[in-house]
Amino acid sequence: MAIFSTAVTDITREEILPKAYDIVLNGSPVVARVIGNGKKWRSGYKLDTIVDYKKSTQGGWSAIGAQLNTARENTTARMTFDPKRITQPVVVDQLEVAVNQGEQRVIELVALEMDKAIKTLNDNVGDSLYTGTGSGVNPDSLKNAADDATSFSTYGSLARATYSGLNGYLSTSVGSLALSDMTTAFDAVEHGNKAPTLAATTPTVWTAYEALLQPTVNANYAVTRKQIGLTGGAQSGGGLVLTLGAVALEFRGIPLVKDEKATSGTMWFIDETYFNWYGIDIPGAMTVKYSGKNIDSSQEVPKSVGFGFTGMKEPYDYLAEIGHIHFHGNFISENPRQLGQLTGVTA
């Protein structure tokens, strides 16, 4: 039912808030960390990384005067990765641009469409970080890197059955989360002084881990007595105020972050030294500029190598301007045995 009559609505403008609010995309701290620390894919149609996959059988203790081993032995192999591409269009009609001018404009159309495209592409990259298979146009990901040949028999074109050192840690159908599940996974991907630097999981599993820690929380009841003020805040005097609930969690000294892009029921243990984004800058591409002022969003858009923009171009058969945000490169683990995953985790 209308509140005002046309006597009012015909002569009064609506107020439009000068910002769009994102109610669909999700944030990913892991994407922000990995992409934000991306490395440059310098050149070459493939990226290769060398692995020393077996211990030499030559050498050893020897007797006085004994003949020494001299056989030449090859202990290295080469993983190979292809570059991948993801794009997101920016499309505006010239008439739309024309009417979005002057004093009647609340938000600049082209700037808003650019910010939306950048955020959409970044969101799609976040999905691929956890789900990419490496086949076809799909990038590699945590999923196929932190596998033990259960779902991905090869990694970097090498067969895991032959090169067992390429196996990550995988535990399936975990069920209700227990600390022993986490310690086993952590131990499995810790080798010498190389250990996970980051753990990630879904908000639901993060809360389940928080619940496991509750028996270790110490409560101090000898605190200042307070009461609730008119605005809901605690003020001096009145009753006791108790605070419960974590805003940040760690496991064995590393952060456990909740990531809305993480696949349901999963937890990941990542040595960030050995899982990286390798980006390719396209010659002539414009720098992607994300202002952030046009959209209020939970997403963080990191600056990274591989991001580019074609610029807005006018096609010969449309009165429109079209551009493409693009991102080139691949997620690559140089040493996948430093990665692990739990799946089928329930609260």
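Predicted model, so just to flag it, every value in this text is computed and none were measured.

**Focus on the sheet that holds strand S20 (residues 339-342)**
In any sheet, the strands associate via hydrogen bonds between backbone groups, in a parallel or an antiparallel arrangement. The mixed open sheet is built from six strands, whose spatial order is S8-S20-S15-S10-S14-S13. Sheet topology places strand S8 (169-171) and strand S13 (249-251) at the edges, where each strand pairs with a single neighbour. Strand-to-strand twist in this sheet, taken as the mean axis angle between neighbours without regard to direction, amounts to 20 degrees. Summarising the sheet, S8 and S20 pair through three bridges and their orientation is parallel. Looking at S20, one finds that Leu 170 is bridged to Gln 341. Against the sheet, helix H2 (residues 29-36) engages strand S10 (198-201), strand S14 (254-258) and strand S15 (267-270), with an angle of about 120 degrees to S14.

**Quick word on the nonpolar core**
If you look at the biggest cluster of nonpolar residues, it comprises 45 residues, and the most contacted ones within it are Val 30, Phe 275 and Ile 325. Among the elements that make up this core, the one with the highest residue count is helix H4 (residues 109-131) (seven residues). With near-sequence residues (within four places) excluded, Ile 325 lies in contact with Ile 86, Thr 87, Gln 88, Val 90, Met 114, Ala 117, Ile 118, Leu 121, Val 288, Gly 308 and Phe 309. In this structure, Val 174, Val 189, Val 205 and Val 345 belong to the second largest nonpolar core, which totals 20 residues.

**Things to note about the environment of Val 247**
If you trace the backbone, Val 247 turns up in the loop between strand S12 (234-236) and S13. Residue classification places Val 247 among the exposed residues on the basis of a relative accessible area of 81%. Residues Val 247 and Leu 121, 126 residues apart in the sequence, show an inter-C-alpha distance of 28 Å.

**Here's the deal with the packing of aromatic side chains**
All told, the structure shown has 11 aromatic pairs when counted by the stated rule. Ring geometry for Tyr 130 and Trp 268: centres 5.6 Å apart, planes at 55 degrees, overall tilted. Placement of Tyr 130 in helix H4 and of Trp 268 in strand S15 is noted, with a sequence separation of 138 residues between them. Grouping residues by exposure puts Tyr 130 and Trp 268 together as buried. Measuring from ring centre to ring centre gives 5.0 Å for Trp 277 and Phe 331, while their planes differ by 65 degrees; the resulting arrangement is edge-to-face. Linking Trp 277 in strand S16 (residues 276-279) with Phe 331 in strand S19 (residues 320-332), this pair joins segments that are 54 residues apart in sequence. The exposure class of Trp 277 is buried, given its relative accessible area of 4%. Put simply, the rings of Phe 275, Trp 277, Phe 307, Phe 327 and Phe 331 pair up and form one aromatic cluster. Cation over ring: Lys 258 sits above Trp 206, and NZ or CZ is 4.2 Å from the ring centre.

**Describing the pairing of S14**
As judged from the three bridges shared by S10 and S14, these two strands associate in the parallel manner. Note on S14: the bridge partner recorded for Thr 201 is Lys 258. Examined bridge by bridge, S13 and S14 share three bridges and lie antiparallel to one another. Within S14, the position partnered with Phe 251 by the bridge is Ile 254.

**Considering unusual backbone geometry**
As a rule of thumb, non-glycine residues mostly have phi less than zero, and peptide bonds are mostly trans rather than cis. In this structure, Ser 157 takes a positive phi of about 75 degrees despite not being glycine. Along the chain, Ser 157 falls in the loop between strand S6 (154-155) and strand S7 (158-159). Its identity is not glycine, yet Arg 252 carries a phi of approximately 50 degrees, on the positive side. Among the secondary structure elements, Arg 252 is positioned in the loop between S13 and S14.

**Some remarks on a nonpolar patch on the surface**
Together, Leu 17, Tyr 21, Ile 23 and Val 24 make up an exposed nonpolar region whose accessible area comes to about 500 Å². For Val 24, the location among the structural elements is in the loop between strand S1 (20-21) and H2. Val 24 sits in the exposed class, given a relative accessible area of 62%.

**Some words on the pattern of salt bridges**
All told, the structure shown has nine salt bridges when counted by the stated rule. A salt bridge links Asp 82 to Lys 46, with the nearest nitrogen and oxygen atoms 2.4 Å apart. Of this pair, Asp 82 sits in the loop between strand S4 (76-81) and strand S5 (84-93) while Lys 46 is found in the loop between strand S2 (39-40) and strand S3 (47-52), placing the two residues 36 residues apart along the sequence. When the shortest N-O distance is used, the salt bridge between Lys 261 and Asp 123 registers 3.1 Å. Residue Lys 261 is located in the loop between S14 and S15, and its partner Asp 123 is located in helix H4; the two are separated by 138 residues in the primary sequence. When sorted by exposure, Lys 261 lands in the same class as Asp 123, which is buried.

**Focus: the pairing of S16**
Of the two faces of S16, the one lined by Asn 276 and Tyr 278 and the one lined by Trp 277 and Gly 279 are each fully buried. Note: S2 against S16, two bridges, orientation parallel. The partner of Lys 39 across the bridge, within S16, is Tyr 278. Judged from the four bridges that link them, S16 and S19 form a sheet pairing that is antiparallel.

Basis of the calculations
- Residues numbered from 1 in each chain as written.
- Predicted model: local features only at pLDDT ≥ 70, side-chain atom pairs only at ≥ 80, totals over all residues.
- Heavy atoms only, no water.
- Pairing = 2+ DSSP bridges.
- Helix = DSSP H or I, 4+ residues; strand = E, 2+ residues; numbered from the N terminus.
- Axes fitted to C-alpha atoms, helices over the stretch in contact; angles between N-to-C directions.
- Contact = heavy atoms within 4.5 Å.
- Core = buried A, V, L, I, M, F, W, Y, C linked by side-chain atoms within 4.5 Å.
- Buried < 20%, exposed > 50% of the residue type's maximum accessible area, 1.4 Å probe, protein only.
- Phe/Tyr/Trp six-rings, centres within 6.5 Å; stacked < 30°, edge-to-face > 60°.
- Lys NZ or Arg CZ within 6 Å of the ring centre and 35° of its normal.
- Patch = residues over 30% accessible without salt bridge, like charges linked within 9 Å, V, L, I, M, F, W, Y side chains within 5 Å.
- Areas by Shrake-Rupley, 256 points an atom, 1.4 Å probe, with all protein chains shown as cover.
- Salt bridge = Lys/Arg side-chain N within 4 Å of Asp/Glu carboxyl O.

What is shown is where atoms sit, not what they do.
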